[in-house]
Amino acid sequence: MAHTCIHWFRKGLRLHDNPALLAALRDCKVLYPLFIVDPDCTYGGNNRKRFLLGALKDLDCSLRKLNSRLFVVTGKPEEVFPKLFKEWNVTKLTYEYDTEPYSLNRDSKVTALAKEHGVEVFYKVSHTLYDMDRIIEENNGKTPLTYKSFQGIVKRLGPPKKPIPAPVLGDMKDVKTPCSEKHDEKYGIPTLEDVGVDDTSLSEELFPGGEQEALRRLDEHMSRTGWVCNFEKPQTSPNSLSPSTTVLSPYVAFGCLSARTFWWRLSDVYRGKKHSDPPVSLHGQLLWREFFYTASVGIPNFNKMVGNHVCTQVDWDTNAEYLAAWREARTGFPFIDAIMTQLRREGWIHHLARHAVACFLTRGDLWISWEEGQKVFEDYLLDHDWALNAGNWQWLSASTFFHQFYRVYSPVAFGKKTDKRGDYIKKYLPVLKKFPEQYIYEPWKAPLSVQRAAGCIVGQDYPRPIVEHEVISKTNIQRMKQAYAKSSQNKSESPIKKTASSESPVKNKGVKRKMTSIADMLVKKKSKGEVS
DNA sequence: CTAGATGTTGCAAGA
DNA sequence: CTCTTGCAACATCTA
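Values in this document were obtained by computation on a predicted structure and should not be read as measured data.

**Considering the environment of His350**
Point 1. Structurally, His350 is set in the loop between helix 14 (334-346) and helix 15 (351-364).
Point 2. On a C-alpha basis, the gap between His350 and Pro243 in space is 7.2 Å, while along the polypeptide they are 107 residues apart.
Point 3. At 2.8 Å, the side chain of His350 and the side chain of Thr236 are in polar contact.

Here is the structure:
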């Protein structure tokens, strides 16, 4: 059977370990590699858009080497596809499975349209190490809520699948991509300007998008054998002047780098050597990703507090002033403001730096909902990932997964552990550059003479702290205590209404797997047996 | 059922 | 400088 096939790139912006693409090549004579610029997707802020366009350019470049091209079309997928199905006489559509609610909904619509047009749909799980549904199934339909239990499940499932190689010219000998003279005009990759980005507002591109860049960086890191084997996440620094971790996360988030490729390359490095283990190792980091992905599939309303059964309900304040000060790096706490500056400028901050600012925004100081922080990170983080962002915000706000709310990060003390001199602060907040070490984390404590000598008066040139951390963090711990007390009271008074099972609803806080989604019902049947 | 250990990454003070 | 301890104190898992 020789199909005319569209391979739809969404995430998974790569040729290596792309089983749906390879499946398309196996039985088609005509291939259209497609990316749709979907107006319903924001693609985040300017840095994320630049990364995406870079990844698309790289993809097009790699496809050219296979005598093919990338077709970029703007519009809602459910409007784009019917036109393309007809225009190109399409008989098959392939894509990588995506578990985000928006994607599931979109894909179910597109699948229905494909059916109407007699187009066969085929997809594969390759964004994650495992099929999330399989993990939940292995756990008797319950979503694991601790890393330990998750590890146990994964151990029973065995190591993830090995990645498959990228297609080579030989795979293309019976496949053509019809390209007109006007390809660039009609289907070219949009410019930054096209997607509404003023490129003069962007700073230096530290992490260029694309599969080639991803694989180059992977090679670079994997050659540091000792470093990889000894890697322990909590020992890495949130405020080093250059990243203390791999920063491969943006590449994994966009699918420029396959998680399975990353996993097995790590296994190669580990082989025969003593090495660190999950949760702190690099393998452990990939498993954290799987953990949050699984939770995002199993827990309804995962990116919200209300309607999220595992999330502690907290009476967060609405405070536009505080939120803006946090987002715009003017809280008056240099460590917090430096981190937020790095985030906005460069699109990446260290995991522990995320902890510091997330705790500060929510349970630690400002008492603002983690959902607000989630939105800001969605805009700024190059490695933004729906499931990980929601999961980590719940963790840091001590709403879900993590419960030791009395452990509060200090916006002053935490950074000192790894950067006593405040070099990181001085890099991102040059206005404080001349402050002596003694006051760099709390410039408001410096005598006026010292402030004058540093050429920076607190209250004029740099903001005064918006809260008194020592006081407010103690108040907030009490507020958290109340929220916890209230939520455990609610749980014992009104047990969750799915009492069909014999388990106690209090103990069995882990949600039962939600009903099979519409997308599953429509799509999943087709590739049963292909997926796991 | 209870008691104790554990949980990727807290802080401050003191030995 | 590294390690321990008290601080106030959560849910979850295991014995």
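**Comments concerning the sheet that holds strand 5 (residues 120-124)**
Point 1. An order of 3-2-1-4-5 is seen for the five strands of this open sheet, with the pairing classed as parallel. The sheet terminates laterally at strand 3 (71-74) and strand 5, the two strands that pair on one side only. Within the sheet, the average angular offset between the axes of one strand and its neighbour, ignoring direction, is 30°.

**Topic: the UniProt feature "site: Electron transfer via tryptophanyl radical" (unreviewed entry) in chain A**
Point 1. Here, UniProt's "site: Electron transfer via tryptophanyl radical" (unreviewed entry) annotation points to Trp316, Trp370 and Trp393. These annotated residues cover 78 residues of sequence, and their C-alpha atoms lie no more than 13.7 Å from one another, placing them together at a single site. Of the annotated positions mentioned, Trp393 line the largest pocket.
Point 2. Checked against the element boundaries, Trp316 lands in the loop between helix 12 (282-298) and helix 13 (320-327).
Point 3. The buried category is assigned to Trp316, whose relative accessible area is 12%.
Point 4. Its location among the elements puts Trp393 in helix 17 (residues 386-396).
Point 5. In this view, Trp393 contacts Trp326, Ala358, Leu361, Thr362, Trp370, Gly373, Gln374 and Phe377; residues no more than four positions away in its chain are not counted.

**What about the nonpolar core?**
Point 1. In terms of nonpolar packing, the biggest core is built from 77 residues, with Phe9, Leu13, Phe35 and Phe262 touching the most fellow members.
Point 2. By residue number, the principal contributor to this core is helix 12, which donates nine residues.
Point 3. Setting aside residues up to four positions removed in sequence, Phe262 forms contacts with Leu218, Met222, Leu248, Val252, Leu257 and Leu286.
Point 4. Core analysis: the second largest hydrophobic core is formed by 58 residues, Phe360, Leu429, Tyr462 and Tyr484 among them.

**Regarding the pairing of strand 2 (residues 28-37)**
Point 1. Of all ten residues in strand 2, nine are buried; the element is thus mostly enclosed.
Point 2. As defined by bridge partners, strand 1 (residues 3-9) adjoins strand 2 across seven bridges and the pair is classed as parallel. By the bridge assignment for strand 2, Thr4 is matched with Val30.
Point 3. Handedness of the β-α-β unit built from strand 1, helix 1 (residues 19-26) and strand 2 comes out right-handed.
Point 4. Here four bridges tie strand 2 to strand 3, and the two strands are oriented parallel to one another. Counterpart to Ile36 in the pairing with strand 3 is Val73.

**Focus: unusual backbone geometry**
Point 1. The residue after Pro278, namely Pro279, is reached through a cis peptide bond having omega 10°.
Point 2. Assignment of secondary structure puts Pro279 in the loop between helix 11 (259-270) and helix 12.
Point 3. In the Ramachandran plot, Ala329 falls in the positive-phi region, its phi being about 60° despite a non-glycine side chain.
Point 4. On the secondary structure map, Ala329 appears in the loop between helix 13 and helix 14.

**Topic: the protein's contact with DNA strand B**
Point 1. Near DNA strand B lie 19 residues; those nearest to it are Pro234, Trp288, Ser410, Ala413 and Lys417.
Point 2. By atom count, sugar and phosphate contribute 40% of the portion of DNA strand B lying within 4 Å of the protein.
Point 3. Note that a base oxygen of DNA strand B is positioned 3.4 Å from one of the side-chain N or O atoms of Trp288.
Point 4. His351 places a side-chain nitrogen or oxygen 3.3 Å from a base oxygen of DNA strand B.
Point 5. When residues of the surface near DNA strand B are traced back to their parent elements, those giving at least two are helix 12, helix 15 and helix 18 (413-416).
Point 6. Sorting elements by how many residues they give to the surface near DNA strand B places helix 15 first, with three residues.

**A look at the packing of helix 3 (residues 77-87) against helix 4 (residues 101-116)**
Point 1. Viewed as axis vectors pointing N to C, helix 3 and helix 4 meet at an angle of 25°, and their least axial separation amounts to 9 Å. When the axis of helix 3 is compared with that of helix 4, the two are roughly parallel. In terms of crossing hand, the pair formed by helix 3 and helix 4 is right-handed. In contact with Pro77, Glu78, Phe81, Pro82 and Phe85 of helix 3, helix 4 contributes Arg106, Lys109, Val110, Leu113 and Ala114.

**Focus on the side chain of Ser258**
Point 1. Locating Ser258 in the fold gives a position in the loop between helix 10 (249-253) and helix 11.
Point 2. We classify Ser258 as buried; its relative accessible area is 0%.
Point 3. A distance of 3.1 Å separates a polar atom in the side chain of Ser258 from the backbone nitrogen of Arg260.
Point 4. In this structure Ser258 touches Arg14, His16 and Asp17, once residues within four positions along its chain are discounted.

**A word on the packing of helix 11 against helix 12**
Point 1. Two numbers describe how helix 11 lies on helix 12: the axes approach to 10 Å, and their chain directions differ by 160°. The angle between the axes of helix 11 and helix 12 places the two elements in the roughly antiparallel class. Read as a crossing pair, helix 11 and helix 12 show a hand that is left-handed. Facing Ala259, Phe262, Trp263, Leu266, Ser267 and Tyr270 of helix 11, the residues of helix 12 in contact are Leu282, His283, Leu286, Leu287 and Arg289.
Point 2. Of the residues belonging to the contact of helix 11 with helix 12, the class tally is eight nonpolar, two polar and one charged.

Conventions we followed
Residues numbered from 1 in each chain as written. Chains lettered and ligands numbered in written order. Predicted model: local features only at pLDDT ≥ 70, side-chain atom pairs only at ≥ 80, totals over all residues. Heavy atoms only, no water. Helix = DSSP H or I, 4+ residues; strand = E, 2+ residues; numbered from the N terminus. Polar contact = N/O pair within 3.5 Å; in protein donor to acceptor, adjacent residues only side chain to side chain. Pairing = 2+ DSSP bridges. Axes fitted to C-alpha atoms, helices over the stretch in contact; angles between N-to-C directions. UniProt positions renumbered as here; feature names shortened; annotations may be inferred. 1 Å grid on protein atoms, 1.4 Å probe; cavity = no way out; pocket = protein on both sides within 12 Å on 5 of 7 lines; lining within 4 Å. Buried < 20%, exposed > 50% of the residue type's maximum accessible area, 1.4 Å probe, protein only. Contact = heavy atoms within 4.5 Å. Core = buried A, V, L, I, M, F, W, Y, C linked by side-chain atoms within 4.5 Å. Right-handed = clockwise from strand over helix to strand, strands pointing away. Near = heavy atom within 4 Å. Parallel < 35°, antiparallel > 145°, perpendicular 65-115°, else oblique. Left-handed = near helix turned anticlockwise from the far one by under 90°. Nonpolar A, V, L, I, M, F, W, Y, C, P; charged D, E, K, R; others polar.

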